[in-house]
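Observations on the model geometry
Each chain, letter by letter, is given below.
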Amino acid sequence: MSIGYQDALKAADNQIIFRETVKGVALKHRLKVVFLPKVAGSVVGNACHVHASLWKDGVNILNDGPKGRNLSETANSFIAGILKHIKALMAFTAPTIQSYNRIKPGVWCGAFATWGWHNRETALRMIENIIGHSPTHFEYRTCDVTSNPYLVLGAMIIAGMDGIKNNLRLPEPIQVLSLIHI
């Protein structure tokens, strides 16, 4: 289920409202809903990927140029900060044992602390506009619904701001679609 783009606080509110509404409707029908990231070893798990972009004065500042894979300096540093702090972020984004059981290679959950363009095996996936191929947003893939969205978004913003403050740079993106054979 996708929830529309909003500022960070409103997005966190919407996730909680959605989660609690689904549970309430299920309860009304004498059903129970459980949002576990991994319910069985042979079943692909449930996630709660975070899609984000960077905006300033009403303009998406993720890209730098009209066409092509051109991240702005600010975006490069922000995303590099998230990548640098990804192990610490996992305390917020994957807070349970089931969270870690979900994060495995080959099931498109971001099992590797890498980034790439449209690469579902990387923890950070850059997503481009189909027309012009400029980046529109990025996806943080190692998050699941057992996390607290307020803590997740706050921690991601702090990690990204650290990247900007320290002028961090992303390494080369991972080009292969499957990292299992590397």
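About the cut-offs
- All residue numbers refer to position in the chain's written sequence, counted from 1.
- Note on the predicted model: pLDDT of at least 70 is required for a residue's local features to be given, and 80 or more for side-chain atom pairs to be given and counted; whole-chain, interface and lining totals, by contrast, use all residues.
- The side-chain quantities take in all heavy atoms of the structure and omit both hydrogens and water.
- Axes here mean lines fitted to C-alpha atoms, for a helix over just the part in contact, with angles spanning 0 to 180 degrees between N-to-C directions.
- Numbering of helices and strands runs from the N terminus; a helix is a DSSP stretch of H or I covering at least four residues, while a strand is a stretch of E covering at least two.
- Geometric relationships in this document are graded by angle, where less than 35 degrees denotes roughly parallel, more than 145 denotes roughly antiparallel, 65 to 115 denotes roughly perpendicular, and other angles denote oblique.
- By convention the crossing between two helices is left-handed if the near helix lies anticlockwise of the far one by an angle smaller than a right angle, and right-handed if it lies clockwise.
- Two residues qualify as a contact provided that any one of their heavy atoms is within 4.5 Å of a heavy atom in the partner residue.
- Think of it as three bins: nonpolar holds Ala, Val, Leu, Ile, Met, Phe, Trp, Tyr, Cys and Pro, charged holds Asp, Glu, Lys and Arg, and polar takes everything else, Gly as well.
- To estimate how far a helix should extend, the number of its residues minus one is multiplied by 1.5 Å.
- Exposure categories follow from relative accessible area, calculated using a 1.4 Å probe and restricted to protein chains: below 20% of the type maximum is buried, above 50% is exposed, and the middle band is partly exposed.
- Sulfur atoms of two cysteines make up a disulfide when they are within 2.5 Å.
- Whether two strands pair comes down to DSSP finding at least two bridges between them.
- Any carboxyl oxygen of Asp or Glu that lies within 4 Å of a side-chain nitrogen of Lys or Arg is treated as forming a salt bridge with it.

**Overview of the packing of helix α2 (residues 73-84) against helix α5 (residues 149-165)**
At a closest axis distance of 6 Å, the pairing of α2 and α5 adopts a crossing angle of 120°. Considering their axes alone, α2 and α5 lie oblique with respect to each other. Where α2 crosses over α5, the two elements pack in a sense that is right-handed. Taken together, the residues of α5 that come into contact with α2 (itself represented by Thr74, Ser77, Phe78, Gly81, Ile82 and Lys84) are Met156, Ile157, Ala159, Gly160, Met161, Asp162, Gly163 and Ile164. Grouping the amino acids of the contact of α2 with α5 by side-chain chemistry returns seven nonpolar, five polar and two charged.

**Observations concerning α2**
An ideal rise of 1.5 Å per residue puts 16 Å on 12 residues; α2 measures up with 16 Å between its terminal C-alpha atoms. Of all 12 residues in α2, nine are buried; the element is thus mostly enclosed. Among all positions in α2, only Ala75, Asn76, Ser77, Phe78, Ile79, Ala80, Gly81, Ile82 and Leu83 are buried. Where α2 is buried, its residues touch α3 (86-93), β4 (112-117), β5 (122-128), β6 (135-140) and α5.

**Side note on the state of the cysteines**
Scanning the entire structure with this criterion turns up zero disulfides. Cysteine 143 provides the cysteine sulfur closest to cysteine 48, a residue in no disulfide bond, and the two sulfurs are 5.2 Å apart. Classification of cysteine 143 as buried rests on a relative accessible area of 2%.

**Examining the sheet that holds strand β1 (residues 50-52)**
Here we have four strands laid out as an open sheet, ordered β1-β6-β5-β4, and mixed in their pairing. In the strand order of this sheet, the two ends are held by β1 and β4, each with one partner. For this sheet the average axis-to-axis angle between neighbouring strands, irrespective of direction, equals 20°. Pairing analysis gives five bridges linking β5 to β6, with the strands arranged antiparallel.

**What to know about the pattern of salt bridges**
As enumerated under the stated definition, the model contains four salt bridges in all. Notably, a salt bridge pairs glutamate 73 with arginine 169, separated by 2.3 Å at the nearest N-O pair. Linking glutamate 73 in helix α2 with arginine 169 in the segment after α5, this pair joins segments that are 96 residues apart in sequence. Residue classification places arginine 169 among the partly exposed residues on the basis of a relative accessible area of 38%.

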